[in-house]
Amino acid sequence: KIMRDDFVKALDEVKPAFGIASEEFEQCAANGIIEFAPSVGELLEKANLFVEQVNHSNRSPLVSLLLYGPSGSGKTALAATIAQRSAYPFVKMVSPEGMIGYTDSQRVAHITKIFNDSYKSPLSLIVIDDIERLLEWVPIGPRFSNSVLQTLLVLIKKQPPKGRRLLIVGTTSERNVLSEMDMLSAFSNEILVENVNTLDEMDRVLRHVRLFDDTSDYARMRTDLTTHFEGRLFSIGIKKLLLLIETARQDPEKYKRFVEEILVAC
Ligand code: ATP
Ligand code: MG
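Summary of the structure given here.

Criteria and thresholds
- Residues numbered from 1 in each chain as written.
- Chains lettered and ligands numbered in written order.
- Predicted model: local features only at pLDDT ≥ 70, side-chain atom pairs only at ≥ 80, totals over all residues.
- Heavy atoms only, no water.
- Near = heavy atom within 4 Å.
- Polar contact = N/O pair within 3.5 Å; in protein donor to acceptor, adjacent residues only side chain to side chain.
- Areas by Shrake-Rupley, 256 points an atom, 1.4 Å probe, with all protein chains shown as cover.
- Helix = DSSP H or I, 4+ residues; strand = E, 2+ residues; numbered from the N terminus.
- Buried < 20%, exposed > 50% of the residue type's maximum accessible area, 1.4 Å probe, protein only.
- Pairing = 2+ DSSP bridges.
- Core = buried A, V, L, I, M, F, W, Y, C linked by side-chain atoms within 4.5 Å.
- Contact = heavy atoms within 4.5 Å.
- Salt bridge = Lys/Arg side-chain N within 4 Å of Asp/Glu carboxyl O.
- Expected span 1.5 Å × (residues − 1).

## Re the site of ligand 1
Neighbouring residues of ligand 1: 22 residues in total, closest I34, K75, T76, A77 and K239. Separating an oxygen atom of ligand 1 from a backbone N or O atom of G72 is a distance of 2.9 Å. Across the complex, the protein chains shield 90% of the 630 Å² of accessible surface that ligand 1 would expose by itself. Those elements that place two or more of their residues in the shell around ligand 1 are helix 4 (75–86) and helix 11 (238–250). With 4 residues, the top contributor of residues to the shell around ligand 1 is helix 4.

Next comes the structure, spelled out in structure tokens:
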């Protein structure tokens, strides 16, 4: 006979520390998501379709989405935001930061446990962040952990048990490397996360964080950068741009400092 206690125990089991996980996700998007281009909103809308699909369609208990793009383009923050907004009962992140000092077999065990825990919940979302670093891939050599790779390849494709649904959101800055490792085909969908690619997009970020309250400073900055980038490619990751804005903010000569930093970064 099933008693109340069994129920409570079962609930404990399917609720693996949502609190801790959700704090972790909040930290990943500490600076929020700024809509500096239509692609940002479009990405979140597309991702939300997958969230809904796993939630409602009986035919797709497993969907996986890879967010790829240059380093610092905002992949981790976007993945964390998708996870938070999903409001699924089980959301977890597999990240290199969470496995510092682990041996290969500890990594394999840790990743496997997170997937096994997810199979206990009716609806789960797992973020696999920074996949090339999870694999300890290094460009010199090149070397990586084959046991972690094999584990991920199996788990990303593995159908959850009957009645369970799982959405996997992976991130990588090394799409080519994943392709060589045969991992791209494991993901059912992929979306490019773009850098801040025009001065107008940069403007939207600047306005959002209110760096220049002095309009003449702002105008001078725009003139300088427009001249400099005339016919040249402008591209910077949102992560770096936000960092550089905060550096400039500390400087009494904000305008000069900002232009300098941008020229160094781009
Ligand atoms: P890395 O390649 O080093 O892993 P990343 O691509 O994962 O970097 P994040 O760590 O997500 O980049 O950093 C993006 C930062 O920019 C976060 O602090 C996030 O809050 C902020 N941010 C602001 N607007 C956006 C946006 N539109 N998209 C993504 N992140 C944004
Ligand atoms: Mg990241």
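From this point, the discussion proceeds with the structure in view.
## Re the pairing of strand 4 (residues 165–172)
Within strand 4, 8 of the 8 residues are buried, leaving the element largely enclosed by the surrounding structure. A two-sided burial pattern is seen for strand 4, the buried positions comprising R165, L167, V169 and T171 on one face and L166, I168, G170 and T172 on the other. Across 6 bridges, strand 3 (residues 123–128) lies against strand 4 in parallel orientation. Residue pairing in the sheet places V127 in a bridge with V169 of strand 4.

## Considerations on the nonpolar core
Core analysis: the biggest nonpolar cluster contains 30 residues, and F115, I128, I131, L152 and M183 have the highest contact counts within it. Of all the elements in the fold, those that place two or more residues in this core are strand 1 (62–68), strand 2 (90–94), helix 5 (104–118), strand 3, helix 6 (131–134), helix 7 (146–157), strand 4 and helix 8 (175–180). If you tally residues by element for this core, the top one is helix 7, at 6 residues. The residues touching L152, leaving out its near neighbours within four places in the chain, are I111, I128, I131, L134, L135 and M183. Among the nonpolar cores identified, the runner-up in size contains 27 residues, and V40, L199, M202 and I238 belong to it.

## Some details on the pattern of salt bridges
All chains considered together, the criterion is met by 13 salt bridges. With a closest N to O distance of 2.6 Å, R175 and E190 form a salt bridge. One end of the pair, R175, is in helix 8; the other, E190, is in strand 5 (residues 189–192), and 15 residues separate them in sequence. Through salt bridges with shared partners, one network takes in E97, D130 and R133.

## Looking at helix 7
The first and last C-alpha atoms of helix 7 sit 17 Å apart over 12 residues, in line with the 16 Å expected at 1.5 Å per residue. For helix 7, the set of buried residues is V148, L149, T151, L152, L153, L155 and I156. Check the buried side of helix 7 and you find it contacts strand 1, helix 5, strand 3, helix 6 and strand 4.

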